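Structure at a glance
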Amino acid sequence: MRKSIFILSFITLFTFGNLQAQSFDLGMLDNAMGMIKSGDNNTKVAGILGDAVMSLKDEAKSSDNNFSSKLISQATALGGLIPSIQKGNADMNLVQKVISTIKTLVAAQRLKSLLGGGSLLGKSSQVNSNVGLIQSGLGALGSGSSVDKLSSVLGAVTKKSSKLENTGIFANLAEKAVSKKLGTSLNLLNGLL
């Protein structure tokens, strides 16, 4: 009996740990940027970003896909900026760009996991929130035909994603279309990052 309880406890802790690793709150990065812009305590901001870097690396390691190593690289870059943030002499354009890239990579990694996790039916809010993060980060990717194409494909995903909440043949058709367009957009994004 004790052995069963121990095994059950271990499984619960392991599962909870994995869920925690995959549920990094991107709001931490927005809060840190807001605090920097308003001139709040740089030491406090540095602490928040330090925690964010560790959590981001955990989330990246929880999924093994094209975006994981890029996310670890950007989290490491953010970690490297923390000392200058703490001193108050960081290049804020660079900090903003790294944070924008991190948010884009987290969204891409989560979408990749959704695509690999089976059906997208009933998951329109997850699809839309992550697509929205990528769309908001497009400015940091520069300009050109690849960025324009990515923007167009993401727009098409947003238009069709509400149909993922339906049932029946039309929902299944929408799911196939959304899956295909998400795959295309993630391939384009991977080439741009």
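All values derive from a computational prediction rather than experimental measurement. (Residues numbered from 1 in each chain as written. Predicted model: local features only at pLDDT ≥ 70, side-chain atom pairs only at ≥ 80, totals over all residues. Heavy atoms only, no water.)

Here we look at the packing of helix α2 (residues 27–37) against helix α3 (residues 42–62)
- For the pair α2 and α3, interaxial distance at closest approach is 10 Å and the crossing angle is 160°. Between α2 and α3, the crossing angle belongs to the class labelled roughly antiparallel. The two elements α2 and α3 meet at a crossing, and its hand is left-handed. Here M28, L29, A32, M35 and I36 of α2 come into contact with α3, specifically with K44, V45, I48, L49, D51 and A52.
- Partitioned by chemical class, the residues of the contact of α2 with α3 number nine nonpolar, no polar and two charged. (Axes fitted to C-alpha atoms, helices over the stretch in contact; angles between N-to-C directions. Helix = DSSP H or I, 4+ residues; strand = E, 2+ residues; numbered from the N terminus. Parallel < 35°, antiparallel > 145°, perpendicular 65-115°, else oblique. Left-handed = near helix turned anticlockwise from the far one by under 90°. Contact = heavy atoms within 4.5 Å. Nonpolar A, V, L, I, M, F, W, Y, C, P; charged D, E, K, R; others polar.)

Things to note about the pattern of salt bridges
- The final tally for this structure, using the stated rule, is two salt bridges.
- For D30, the salt bridge identified is with K103, shortest N-O distance 2.6 Å. A residue pair is termed long-range when its members are at least 10 positions apart, and D30 in helix α2 and K103 in helix α5 (residues 92–116) qualify at 73 residues.
- Here E59 ties to R110 by a salt bridge, and the two come within 2.8 Å at their closest N and O atoms. Taken as a pair, E59 in helix α3 and R110 in helix α5 lie far apart in primary sequence, 51 residues in all.
- Taking relative accessible area as the criterion, E59 reaches 2% and is therefore assigned buried. (Salt bridge = Lys/Arg side-chain N within 4 Å of Asp/Glu carboxyl O. Buried < 20%, exposed > 50% of the residue type's maximum accessible area, 1.4 Å probe, protein only.)

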